[in-house]
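These are the residues of each chain, in order.
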Amino acid sequence: MTDTTYWLEHAWLGTHVEPGVAVTAADGRITAVRTGAATPPPGAEVLRGLTLPGLANAHSHAFHRALRGTVQVGSGTFWTWREVMYSVADRLTPETYHALARAVYAEMALAGITCVGEFHYVHHAPGGTPYGEPNAMGEALIAAAAEAGIRITLLDTAYFSSAIRDKHSGEPLNTHQRRFSDGGAEAWAERCSVLKERDHARIGAAIHSVRAVPADQLATVARWAEERRAPLHVHLSEQTAENDACLAAHGCTPTRLLADHGVLGPRTTGVHNTHLTDEDIALLGGSRTGTCMCPTTERDLADGIGPAVALQRAGSPLSLGSDSHAVIDLFEEARAMELNERLRTRTRGHWTAAALLRAATADGHAALGWQDAGAIETGALADLTTIALDSVRTAGPVPRLGAETAVFAATAADVRHTIVGGRHVVRDGTHALVPDVPSALADAIEALRG
């Protein structure tokens with residue numbers, strides 16, 4: 001494969017912004033990084049603005065994108081929101097999900113996201129009947145990511161009960177949830193084992209929550225991930241009702257329950273981690289279990305503000321996700337994590353801009369099993385995101401403050417280029433593979449609404 005050289009007008013190199021950086025890529029990886037390149041080398045592709053490593057969206061439910069706007073009408077709770085979500089899930093087929101996910105992943109590429117962690121639990125046909133191809137829905141998502149030009153970690157999700165019943169079992173699934181379930185952890189593991197990784201796709205596991213996976217089945221899911229050295233994600237203490245039910249049935253918090261069944265560890269990520277005790281925080285940090293915060297969804301659903309500062313101090317690496325896709329904007333997720341903490345504590349400066357960018361890049365990729373991505377350095381995957389420094393939002397600050405500008409002023413609308421594996425997926429703000437992303441989104445969502 002022919003080498004490609006990119007000249008980055010300004011580049012964030014993990015700790016600082018460097019002007020004039022020449023990056024050479026071949027076979028999808030960075031082969032050389034040269035600073036001090038005041039002018040573009042002959043034949044180089046010029047990326048004006050500030051270039052970051054590609055962004056990692058560590059938590060996504062692609063079909064939730066169809067809810068945008070609809071669930072903002074009136075009031076309600078997480079639980080009333082969930083009923084609307086079920087109505088969309090009921091209409092998904094491999095074909096309609098592929099069309100929607102392709103458009104959603106294209107929207108992500110336009111927002112500078114080069115890798116998504118898809119927390120996937122819509123496995124079967126309505127009623128729970130398997131499709132002829134048992135992984136038809138997951139394969140539709142993997143194909144959609146390829147066609148949108150981004151990487152994916154398919155976090156195939158175990159989901160067997162609707163709520164905690166007692167120490168040994170869960171409540172039966174409701175009508176909507178039956179298509180999420182394989183009936184038990186062994187059947188789930190058998191189906192997941194058929195999924196194959198590809199150049200753009202890795203396979204991980206997920207425990208939907210302690211209410212959806214009975215305690216005696218947690219270890220089976222954890223063992224499946226451990227044997228494959230795969231990432232394992234879990235919704236954790238998103239709702240106080242989940243904590244209350246767990247305490248009533250098991251006499252402990254969800255975090256302690258996961259710890260006791262071997263779920264926690266450095267390849268595991270707890271998503272939300274909102275309502276935690278001091279012991280929970282110590283368990284997560286001490287085991288190096290990650291934390292994926294999704295501030296735009298957490299505030300949209302009125303879930304609460306998780307103890308992200310305490311978790312990171314305890315040793316839990318932070319990543320970011322857009323979850324229900326109330327918006328798809330990793331800059332807003334990073335900004336919101338800091339600003340939420342400011343509102344909660346009435347003090348400023350809990351994270352540097354560099355720390356927030358690391359959560360959106362290197363640490364997000366690591367949470368998804370792509371430890372070779374998220375940095376502009378030799379040997380890393382050639383995934384780059386360039387934002388404009390001359391928009392109405394970003395114009396003004398000196399370039400050396402580009403990281404601060406990216407986090408505290410830029411939005412997804414400022415992304416000019418997205419490069420994945422050395423291939424230009426977004427060029428000058430236009431998606432190269434999906435010609436009209438707004439129309440693709442509108443058509444896919446309309447097909448679901450019938």
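Just so it is clear, the structure is predicted and the values come from calculations on it, not from any experiment.

Asker: Please set out the pattern of salt bridges residue by residue, giving values where relevant.
Answerer: Scanning all chains against the criterion turns up 22 salt bridges. Of the charged contacts, one joins arginine 191 and aspartate 182 as a salt bridge, the two residues approaching to 2.8 Å between their closest N and O atoms. Under the relative-accessibility criterion, arginine 191 is labelled buried at 7%. As a salt-bridge pair, aspartate 372 and arginine 202 come within 3.6 Å of each other at their nearest N and O atoms. In this pair, aspartate 372 is assigned in the loop between helix H13 (362-367) and strand E13 (384-387) and arginine 202 in strand E8 (residues 201-207), connecting sequence segments 170 residues apart. Note on arginine 202: relative accessible area 22%, which makes it partly exposed. Each of Arg29, Arg202 and Asp372 takes part in salt bridges that share partners, so that together they form one network.

Asker: Before we move on, could you go through helix H12 (residues 353-360) and cite the residues and values that matter?
Answerer: For H12, the buried fraction is high: 7 of the 8 residues fall into the buried class. Residues Ala353, Ala354, Ala355, Leu356, Leu357, Ala359 and Ala360 constitute the buried set of H12.

Asker: Describe the side chain of threonine 394, with residues and values.
Answerer: Examined against the element boundaries, threonine 394 turns out to sit in the loop between E13 and helix H14 (402-408). For threonine 394, the side chain forms a polar contact with the main-chain oxygen of alanine 388, separated by 2.9 Å. There is a polar contact of 3.3 Å between the side chain of threonine 394 and the backbone nitrogen of aspartate 390. With residues up to four places along the chain from it excluded, the contact list for threonine 394 reads Ala388, Leu389, Thr405, Ala410 and Asp414.

Asker: So what about the confidence of the model for the chain? Which residues, and what values?
Answerer: Averaged over the chain, the pLDDT score is 96; the fraction of residues at 70 or greater is 100%. Within the chain, helix H1 (residues 78-89) has the poorest average pLDDT of any element, 85, and strand E5 (residues 55-60) the best, 99.

Asker: How would you summarise the packing of helix H4 (residues 185-192) against helix H5 (residues 215-228) if you had to cite specific residues and measurements?
Answerer: Contact geometry of H4 with H5 gives a least axis separation of 9 Å together with a crossing angle of 20°. Compared by their axis directions, H4 and H5 come out roughly parallel. The two elements H4 and H5 cross, and the hand of that crossing is right-handed. The residues of H5 that touch H4, namely those facing Ala185, Glu186, Trp188, Ala189 and Cys192, are Gln217, Thr220, Val221, Arg223 and Trp224.

Asker: Could you give an account of empty space enclosed by the protein, naming the residues involved and the relevant values?
Answerer: Throughout the structure, instances matching the rule amount to 5 cavities of 30 Å³ or more. Along the walls of the largest cavity sit 19 residues, with Phe78, Trp81, Tyr121, His208 and His235 positioned nearest its centre. For the lining of the largest cavity, the element with the most residues is H1, which contributes 5 residues. Of the residues contributing to the lining of the largest cavity, the split by class is 8 nonpolar, 7 polar and 4 charged. The space that makes up the second largest cavity amounts to roughly 70 Å³. Lining the second largest cavity, in full, are Met293, Pro295, Glu298, Gly304, Ile305, Gly306, Ala308, Ala336, Met337, Asn340, Glu341 and Trp351. Taken together, the elements giving at least two residues each to the lining of the second largest cavity come down to helix H9 (295-300) and helix H11 (330-345). Ranked by residue count, the leading element in the lining of the second largest cavity is H11, at 4 residues. Of the residues belonging to the lining of the second largest cavity, the class tally is 7 nonpolar, 3 polar and 2 charged.

Basis of the calculations
- Counting of residues starts from 1 at the beginning of each chain's written sequence and follows it residue by residue.
- Where totals are concerned, whole chains, interfaces and linings use all residues; where local detail is concerned, this predicted model gives features only for residues with pLDDT of at least 70, and gives and counts side-chain atom pairs only at 80 or more.
- Water and hydrogen atoms were dropped before computing side-chain values, which therefore reflect all heavy atoms in the structure.
- Salt bridges are defined by distance alone: a side-chain nitrogen of Lys or Arg within 4 Å of a carboxyl oxygen of Asp or Glu.
- Relative accessible area decides the class of each residue, using a 1.4 Å probe on protein chains only: under 20% of the type maximum gives buried, over 50% gives exposed, and in between gives partly exposed.
- Strands here mean DSSP runs of E at least two residues long; helices mean DSSP runs of H or I at least four residues long; both are numbered from the N terminus.
- Polar contacts here mean pairs of N or O atoms no more than 3.5 Å apart (in protein, one a potential hydrogen donor and the other a potential acceptor; neighbouring residues in sequence count only if both atoms are side-chain atoms).
- Contacts are assigned to residue pairs that have any heavy atoms within 4.5 Å of one another.
- Confidence of the predictor at the level of single residues is captured by pLDDT, which takes values from 0 to 100.
- Axis lines are fitted to C-alpha atoms, over the contacting stretch for helices. Their N-to-C directions set the angle, which ranges from 0 to 180 degrees.
- Roughly parallel refers to an angle under 35 degrees, roughly antiparallel to one over 145, roughly perpendicular to one between 65 and 115, and oblique to any angle outside these ranges.
- Crossing handedness is read from the near helix: turned anticlockwise from the far helix by less than a right angle, it gives a left-handed crossing, and turned clockwise, a right-handed one.
- The method works on a 1 Å grid over the protein atoms by themselves. A cavity is a set of points holding a 1.4 Å probe that cannot get out, a pocket is an open set with protein on both sides within 12 Å along at least five of seven lines, and residues with an atom within 4 Å of a point line them.
- Grid points are joined across faces, edges and corners, and a volume is the space filled by probe spheres set on the points.
- Each residue is assigned to one of three groups, with Ala, Val, Leu, Ile, Met, Phe, Trp, Tyr, Cys and Pro labelled nonpolar, Asp, Glu, Lys and Arg labelled charged, and all others, Gly among them, labelled polar.

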